[in-house]
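Working through the structure, step by step
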Amino acid sequence: MALFNFFYTLHVLASVVWVGGMFFAWMILRPVAAATLEGPTRLGLWAGIFPRFFAWVWLCLLTLPISGVAMLHLRYHGFDGAPRYVQAMMGLYVVMAALFLRVQGLQLPELRRAVDAQDWTRGAAAMTRIRRLVGINLLIGLAVIALASARPWF
């Protein structure tokens, strides 16, 4: 049981870092930055924040499936024995990972190029797409946490 607890703790910490970071960015930092910083400064701030945060997200992206599969085998002896809510969480993880990869691979480079070129219109458009995808990912992440907490046996 101690091994299960170790993986469970890693899993919860990775979830808190990823979803909590998105919550902070969306609900706290974004409104304050929008209210206090001019567009170019705000875009430069986000271009600096995302790589730092995304390094942590990559760690979470690796930790979550490793710890999740370990718990799956320790508790349910494989995928077949897992309750459907666990399977739903796994599917939602794939969706969240795909959205993150889209931001990391497509939107962030576009934001960086726009900031480097001081093309604030293009940077604002890239930031709008990033904000939308992060918002969707935040909602999915909160749903996964609610699902994990409720543990419905469906």
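I will try to describe carefully the structure that is included in this document. Since the structure is predicted, the reported quantities are computational estimates derived from the model, not experimental observations.

**Details of the layout of surface pockets**
Estimates place the volume of the largest pocket at around 820 Å³. Lining the largest pocket are 30 residues, with His-11, Met-71, Met-89, Val-144 and Ala-148 positioned closest to its centre. Taken together, the elements giving at least two residues each to the lining of the largest pocket come down to helix H1 (2-36), helix H2 (39-76), helix H3 (84-116) and helix H4 (120-150). The class makeup of the residues in the lining of the largest pocket is 23 nonpolar, five polar and two charged. Here the second largest pocket is characterised by a volume of approximately 310 Å³. For the second largest pocket, the lining is made up of 24 residues, of which Gly-21, Met-22, Ala-25, Phe-50 and Phe-53 are closest to its centre. The set of elements that each furnish at least two residues to the lining of the second largest pocket consists of H1, H2, H3 and H4. It is H1 that provides the largest number of residues to the lining of the second largest pocket, a total of eight residues. The class makeup of the residues in the lining of the second largest pocket is 19 nonpolar, two polar and three charged.

**Considerations on the environment of Met-71**
With respect to the helices, strands and loops of the structure, Met-71 is situated in helix H2. Overall, the relative accessible area of 10% leaves Met-71 in the buried class. Put simply, Met-71 and Asn-137 are 66 residues apart on the chain and 24 Å apart in space, counted from C-alpha to C-alpha. Not counting residues up to four positions away in its chain, the partners in contact with Met-71 are Phe-4, Phe-7, Tyr-8, His-11 and Tyr-76.

**Some remarks on the packing of aromatic side chains**
Applying the stated criterion across every chain, the model contains eight aromatic pairs. Seen from their ring centres, Phe-6 and Phe-7 are 5.3 Å apart, and the 65° between their planes marks the pair as edge-to-face. Ring geometry for Trp-58 against Phe-100: centres 5.4 Å apart, planes inclined by 75°, an arrangement best described as edge-to-face. Taken together, the residues span a long stretch of sequence, with Trp-58 in helix H2 and Phe-100 in helix H3 at a distance of 42 residues. Here the aromatic cluster, defined as three or more aromatic residues joined through ring pairs, consists of Trp-18, Trp-46, Phe-50, Phe-53, Phe-54, Trp-58 and Phe-100. One Lys or Arg, Arg-30, reaches over the ring of Trp-26 and ends 4.4 Å from the middle of that ring. The ring of Phe-4 carries Arg-75 above its face, with NZ or CZ at 4.1 Å from the centroid.

About the cut-offs
Residues numbered from 1 in each chain as written. Predicted model: local features only at pLDDT ≥ 70, side-chain atom pairs only at ≥ 80, totals over all residues. Heavy atoms only, no water. 1 Å grid on protein atoms, 1.4 Å probe; cavity = no way out; pocket = protein on both sides within 12 Å on 5 of 7 lines; lining within 4 Å. Points joined across faces, edges and corners; volume = space filled by probe spheres on them. Helix = DSSP H or I, 4+ residues; strand = E, 2+ residues; numbered from the N terminus. Nonpolar A, V, L, I, M, F, W, Y, C, P; charged D, E, K, R; others polar. Buried < 20%, exposed > 50% of the residue type's maximum accessible area, 1.4 Å probe, protein only. Contact = heavy atoms within 4.5 Å. Phe/Tyr/Trp six-rings, centres within 6.5 Å; stacked < 30°, edge-to-face > 60°. Lys NZ or Arg CZ within 6 Å of the ring centre and 35° of its normal.

It is worth stressing that arrangement in space is one thing and function is another; only the former is reported here.
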